[in-house]
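Observations on chain architecture
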Amino acid sequence: MRKRIEVRGTVQGVGFRPFVYRLATSLGLAGYVRNVSGGVVIEIEGVEGAVASFLTRLRLEAPPLAVIEKVDIEDRDPQRGDAFIIHGSVGDPSKSGMVPPDIATCDECVADFLDPSNRRYLYPFTNCTNCGPRYSIIQDVPYDRSNTTMSVFAMCAECQSEYDSPSNRRFHAQPNACPACGPELLLLSSSPGQAPLAPASGSGLIRQTRQLLKSGAIVAIKGIGGFHLACDAENDGAVRRLRNRKRKSDKPFALMLPDLAAACEFAHVGEPDRRALLDPRRPIVLLPGRAGSTLSEAVAPGNRNIGVMLPYTPLHHLLFKDGIRALVMTSGNLAEEPIVSRHADLPRLHGLADHILAHNRDIQTRVDDSVVRCFEGIPRLIRRARGYAPEPVDLGHCVSEVLACGGELKSAFCLTKDNYAILSQHIGDLENLETLEFFEETLRHMKRFFRVEPRAVACDLHPGYLSTKFALGLGLPQIGVQHHHAHIASCMAENRVREKVLGVAFDGTGYGTDGRIWGGEFLICDYKGFDRVAHFKYVPVAGGDAAVREPWRIALGYLREAFGDRLPDLPMLRRIEEKKLRFVLAALARRINTGDTSSCGRLFDAVSAICEVRLEANYEGQAAIELENRAAAGVEQKYALELDAAGIDTRPLIQAVAADVMRGAPVGLISAKFHNAIASLVLDAARAHHLKRVALSGGTFQNFYLLTRTVGLLRAAGFDVLLHSAIPPNDGGLALGQAMICAAGSP
Ligand code: ZN
Ligand code: ZN
Ligand code: FE
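Predicted model only: the values in this text are computed from it and were never measured.

Looking at the zinc ion (ligand 2), the protein donor atoms are C156 (SG), C159 (SG), C178 (SG) and C181 (SG), and they sit 2.2 to 2.4 Å from it. For the zinc ion (ligand 2), the four donor atoms are set out with angles of 104 to 117° between them, so the coordination reads as tetrahedral. Counting gaps between the donor residues of the zinc ion (ligand 2) yields the pattern C-x2-C-x18-C-x2-C. Of the two residues examined, C156 and C159, each falls in the buried class.

Take a look at the structure:
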């Protein structure tokens, strides 16, 4: 008998065809397998038992990265062939997953390079069809070795025979390599112009690097999508030195731990966290750190959570042999600049690292580590990059081809084609030329890889954003999309919802249609438009953009609104230099360098400063994050906060917070009552507007206390709550929403 089987889902670039080949030949079946748009087509011919067994095992034994969504089976007339053949690809790369993401080293490869009798023993570039670099090395489509940065390495006879043999795990593994023919490590001193430190063999260099790390050195290590700055996370002096060199801020450093057991030693790891840590995409997973751990305090100052990832290249695995238990692995860049990925850029690492462990496999495309946090058992992306980009997001319906340029901070762009949105990896804060170049270069690649020619371009309404200026310079029909409308549309898109929702967009800053800064917005919207049904009442903030780094300035704006000129005698006020205090109050009174905002993020900043949690912030969101970290569990009380279509008045809330501070109430209680008030406000808004669906988006919803509380209240009241998972709720997800709104308005 002969059957034609069509398999849909993620079945390309994941070793599916070789798997089908091995299964079919082991059962003595004839036929073929071929990639087609959106899946593979298989024909098999043989005796009934073998065919039945093939059909069962096709699902059960599929490769780890394959996701089978649908299988259609039809009868065919026998053709009496006796061979089974793998055909080449047919179809369109945007659908066929021809630009697969980078995948962590698989267990079989780990076993290979840890086996002293294996020819890849200790070889740091071991990979196979199921694992290894992909997107970061691809120069052009189709995804063949000749179109990757591996093209300069000619495979040795043994590697070539693995590559050519359908029964081998390395069949058509494009980056296939071994010590005889593949890339090599290089250890450099970080002083400019110096020759390699030691012309030792690869494993010698790794041993040397481990010793350097153990002795407290900072080593820049070339990975998949760029350089990391690494140091021993248990060595306080080393971590502090790195913090001083990299950026003088308290922004948490990511950690790499050798395995799951180590993750459990340093952090509380739930079942969904365990799955996220072991996911072949290997994101950084935010986890509650364990009190009293041996990690340096400087890893994540003032933060309850630590960001943990497990090794994802052979080199990472090998760094943890003998002795090192935890490594800081932070992006190799100065604050704001893109991650260093090229040898020509190595001078940028000179002031940062003591040594550089590089290699000669070029990185074509920079990709940072992705960051997730699990909520309700599902990993939620906070930064979408390595392992996830450029996997298309299925929109569930077809849209026209557009480009959306995103915002400013955490920028990423989005292209659409057919029923897919292709979101770039996290590009970074689009504030300098370096980052803009990275943006433009990635855009050129993606347009070519996915064959998209945008017919319209969407951008933020903010006239000052580089992304906006870039969009305007393209000469395409252009639409400006309101920031918070884009946040909600992004949440709708990943949930495949097109009907009207109540969107709750809480974040720090977004340009409003009235030219003021929005950020605490209730919008009834779909892709065609929005109605701003409620928002926080505007509060003046003095100091422009600089105020974000000085929550005490923001607090003064809120306090002055709530109390007029007679401010209560709060302890925080006594901590501000008299001269500065008077200056800011005068600026507020005369509205000098003062702007109005309805931002929820600024309200968090104000409350954080009023409770003396944080008066000065040195990274984005710090005041709010630390306020969340202080919130006491089990508090049901809340401050009064009334929904009002004319503007939600925060003055009674600020007055109540100040009163609690004055009577010496614990910060944990104040923080919890404040969070509870915001969550209840969302429920009130949902009740007032009679829409079944409520979409929550914006950076403020990265606050898990707020998210948990809000979702709990809404669900209990019967609302259908739309949340982000595949796309960040912060400005990293804006471009998707912009694209949906643009596509809805363009032919
Ligand atoms: Zn592998
Ligand atoms: Zn080889
Ligand atoms: Fe935003």
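From this point, the narrative continues.
Domain parsing of the protein yields domain 1 (2-86), domain 2 (185-359), domain 3 (392-490 + 727-747) and domain 4 (535-722). The C-alpha centroid of domain 2 is placed 42 Å from the C-alpha centroid of domain 1.

Bound to the zinc ion (ligand 1) are the protein donor atoms C106 (SG), C109 (SG), C128 (SG) and C131 (SG), situated 2.3 Å from the metal. Taken together, the four donor atoms surrounding the zinc ion (ligand 1) define angles of 103 to 118° at the centre, an arrangement classified as tetrahedral. Spacing between the donor residues of the zinc ion (ligand 1) along the chain follows C-x2-C-x18-C-x2-C. Judged on exposure class, the residue C128 and its partner C131 are both buried.

Take the sheet that holds strand 5 (residues 84-86) next. Here five strands make up an open sheet; going across it, the order is 4-1-3-2-5 and the pairing mixed. Looking along the sheet, the strands with just one partner apiece sit at the ends: strand 4 (67-76) and strand 5. Strand-to-strand, the axes of this sheet are offset by a mean angle of 15°, without reference to chain direction. Sitting on the sheet, helix 1 (residues 16-26) is in contact with strand 1 (2-10), strand 2 (30-36), strand 3 (39-45), strand 4 and strand 5, with an inclination near 175° to strand 5.

Here we come to the nonpolar core. Counting residues in hydrophobic clusters, the biggest one holds 72 residues, and the most contacted among them are F506, F522, M572, L653 and L696. With 11 residues, the top contributor of residues to this core is helix 20 (residues 667-689). When neighbours within four sequence positions are excluded, M572 is seen to be in contact with W552, A555, L559, A609, I610, E612 and L615. In terms of nonpolar packing, the next biggest core, distinct from the first, is built from 42 residues, L257, A262, V308 and Y388 among them.

Its place among the elements puts L381 in strand 15 (residues 378-383). Accessibility expressed as a relative area gives 4% for L381, which makes it buried. The spatial distance from the C-alpha of L381 to the C-alpha of H724 is 7.9 Å, given a sequence separation of 343 residues. When residues no more than four places from it in sequence are discounted, the contact partners of L381 are S370, V371, V372, Y388, S725, A726, I727, P728 and P729.

Now for the environment of G202. For G202, the position within the fold is in helix 6 (residues 202-214). C-alpha of G202 to C-alpha of P116: the two residues are 86 residues apart in sequence and 15 Å apart in space.

Scoring rules and cut-offs
Starting afresh in each chain, residues are numbered from 1 along the sequence in its written order. Chain A is the first chain written and ligand 1 is the first ligand written, with later ones labelled in order. Per-residue local features are limited, in this predicted model, to residues with pLDDT of at least 70; the limit for side-chain atom pairs, both in listing and counting, is 80 or more; totals at the level of whole chains, interfaces and linings are taken over all residues. Here the side-chain values reflect all heavy atoms present in the structure, with hydrogen atoms and water set aside. In this description, a donor is an N, O or S atom within 2.8 Å of the metal centre, a cutoff extended to 3.2 Å for sodium, potassium and calcium. Water is not part of the atom list, which can make sites seem incomplete. Irregular is the default label, applied whenever a site is not tetrahedral (four donors, all angles between 85 and 135 degrees) and neither square planar nor octahedral (four or six donors, opposite donors over 155 degrees apart, all other angles between 65 and 115). Summary of the burial criterion: residues with accessible area below 20% of their type's maximum are buried, those above 50% are exposed, and those between are partly exposed, where the area comes from a 1.4 Å probe applied to protein chains only. A domain assignment, automatic or from a database, supplies the domain bounds used here. In short, DSSP must find at least two bridges between two strands for them to pair. In this description a helix means any DSSP run of H or I spanning at least four residues, a strand means any run of E spanning at least two, and both kinds are numbered starting from the N terminus. Structural elements are reduced to axes, namely lines fitted to C-alpha atoms, with helices fitted over the stretch in contact, and the angle between N-to-C directions of any two is expressed from 0 to 180 degrees. Only heavy atoms matter for contacts: two residues are in contact if any of them lie within 4.5 Å across the pair. Within this scheme, the nonpolar core is defined by two criteria: the residues are buried Ala, Val, Leu, Ile, Met, Phe, Trp, Tyr or Cys, and they are joined through side-chain atoms within 4.5 Å.

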